[in-house]
Every structure is written in C-alpha cells, then in structure tokens.
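Secondary and tertiary structure notes
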Amino acid sequence: MALPKRLQEALDLIRAMPKELKAQVLLEYARKVPTPPPGVELERVHECQTPFFLRAEVEEGRVRLYFLVPHEAPTVKAFAGLLKEGLEGEPPEAVLSVPPTFYQGAGLEELLTPLRLRGLEAALLRLQAQVQRALS
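Residues numbered from 1 in each chain as written. Predicted model: local features only at pLDDT ≥ 70, side-chain atom pairs only at ≥ 80, totals over all residues. Heavy atoms only, no water.

On a plain count of helices and strands, the protein chain comes out with 6 helices and 3 strands. Beginning at the N terminus, the succession of helices and strands in the protein chain can be written as α-α-β-β-β-α-α-α-α. Taken over the C-alpha trace, the protein chain has a radius of gyration of 14 Å; the compact-globule value for 136 residues is 14 Å, and the two agree within 12%. When the backbone C-alpha atoms are referred to their principal axes, the protein chain occupies close to 40 × 35 × 25 Å. Of all 136 residues assigned to the protein chain, the portion counted as buried reaches 44%. For the protein chain, the accessible surface area stands at approximately 7,100 Å², while carbon and sulfur atoms represent 54% of it. (Helix = DSSP H or I, 4+ residues; strand = E, 2+ residues; numbered from the N terminus. Rg over C-alpha atoms; globule rule 2.2 N^0.38 Å. Buried < 20%, exposed > 50% of the residue type's maximum accessible area, 1.4 Å probe, protein only. Areas by Shrake-Rupley, 256 points an atom, 1.4 Å probe, with all protein chains shown as cover.)

So this is what it looks like as structure tokens:
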C-alpha cells in the first residue's frame, strides 16, 4: 500500500533536496509542531534518548496527533513535525499501514544516525499502537 499522500510528498521534498538543505527542511518541520492543549495525556517514547511524548487519537474517523518535544532537540522535534505533517487527519487504516522504515530512500540516512532513525521508527510504532487501541 502507498504511503499517505502528504507523508509521501514530505519525503519526496526531502529526497529532492541536496544534502546541505535537508537539515533545513527538517528544521522547518520542527517549527510546525504546536504545543498540545491542556489535558491531553501523552505517552513517552522510551526508545528515544530525548524526552519525546506523543498521543494519537481517532476522532470522527480521522487520526489526531499531539507531540511534546523540547526545543533543545530539533532533530527529534523534526520527526514529530514530519509525522504530524504526513499523518494528521488521515484515516486510521492509512496510519496503521505505514511501515516503520517509511523514511528509507528520502536521504535521512545521510543526516541522521541509526540510533536517531530507530527513535523515529519507535515513535511511529507507538502512534500506531495508540491508534489500534482507539479502534478497539
């Protein structure tokens, strides 16, 4: 199954950039992550060394995402921004079908360590588990 359209477009944009601009594009995604509203219970992604908290909810057949990442962790916040940009508002089935290594081929491997990429995978898997629980 194909990736959700906005996620694919984000990866295509990153893929098309020269290596030196990819980091800037990621930072733009980091800047797009809003603070979650009060009362949203977030779950920590323990696989990330950086404090990374998230929440996925399903409302009216669409996935809503919330993230809390320190400003001092722009790379991790960029992951949150990329996931928010690509998955917010998608049907649960579309979010559940995204493979953990969805980023491969976009050139993120040129910029990020394998440990950081595993953190991105862990965040996606945590979101998917929350979506699955919301459907149960």
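Having seen the model, we can carry on.
Another aspect to go through is the sheet that holds strand E1 (residues 43–44). Strand order in this open sheet of 3 strands is E1-E2-E3, and the pairing throughout is antiparallel. The outermost strands of the open sheet, each flanked by one partner alone, are E1 and strand E3 (62–68). Pairing of strand E2 (residues 53–59) with E3, which is carried by 7 bridges, proceeds in the antiparallel orientation. The residue of E3 that forms the bridge with Arg-55 is Tyr-66. Relative to the sheet, helix H6 (residues 114–135) contacts E1, E2 and E3, its axis offset from that of E2 by approximately 35°. (Pairing = 2+ DSSP bridges. Contact = heavy atoms within 4.5 Å. Axes fitted to C-alpha atoms, helices over the stretch in contact; angles between N-to-C directions.)

Counted under the stated rule, the structure contains 12 salt bridges. Between Glu-57 and Arg-55 there is a salt bridge, with its nearest N and O atoms 3.7 Å apart. With a closest N to O distance of 2.9 Å, Lys-84 and Glu-88 form a salt bridge. On the basis of relative accessible area, Lys-84 is assigned to the buried category, the value being 18%. Through salt bridges with shared partners, a single network forms among Glu-43, Glu-47, Arg-126 and Arg-133. (Salt bridge = Lys/Arg side-chain N within 4 Å of Asp/Glu carboxyl O.)

Looking at the element boundaries, Ser-97 is found in the loop between helix H4 (92–96) and helix H5 (108–111). By relative accessible area, Ser-97 is classed as partly exposed at 28%. Spatially, the C-alpha atoms of Ser-97 and Phe-53 are 22 Å apart, while their sequence positions differ by 44 residues.

This paragraph deals with helix H3 (residues 74–87). Three or four residues apart is the spacing at which side chains of an α-helix point the same way, because the helix has 3.6 residues per turn. Given a rise of 1.5 Å per residue, 14 residues ought to cover 20 Å, and the 19 Å separating the end C-alpha atoms of H3 matches this to within 8%. Of all 14 residues in H3, 11 are buried, a share of seventy percent or more. Those residues of H3 lying buried are Val-76, Lys-77, Ala-78, Phe-79, Ala-80, Gly-81, Leu-82, Leu-83, Lys-84, Gly-86 and Leu-87. Count one or two residues on from H3 and you reach Gly-89, which has phi positive near 85°. (Expected span 1.5 Å × (residues − 1).)

Attention shifts here to the pairing of E2. Judged from the 2 bridges that link them, E1 and E2 form a sheet pairing that is antiparallel. Each residue of the ladder has a partner; that of Glu-43, found in E2, is Leu-54. The hairpin turn running from E2 into E3, its antiparallel successor, is 2 residues long, and Glu-60 in that turn takes a positive phi close to 50°.

By size, the foremost hydrophobic cluster in this structure holds 41 residues, and its most contacted members are Phe-52, Phe-67, Leu-82, Leu-83 and Phe-102. Looking at this core, the elements with two or more residues in it are helix H1 (5–16), helix H2 (19–31), E2, E3, H3 and H6. Residues contacting Leu-83, with those up to four places away along its chain left out, are Leu-65, Phe-67, Glu-88, Phe-102, Leu-120, Ala-123, Leu-124 and Leu-127. (Core = buried A, V, L, I, M, F, W, Y, C linked by side-chain atoms within 4.5 Å.)

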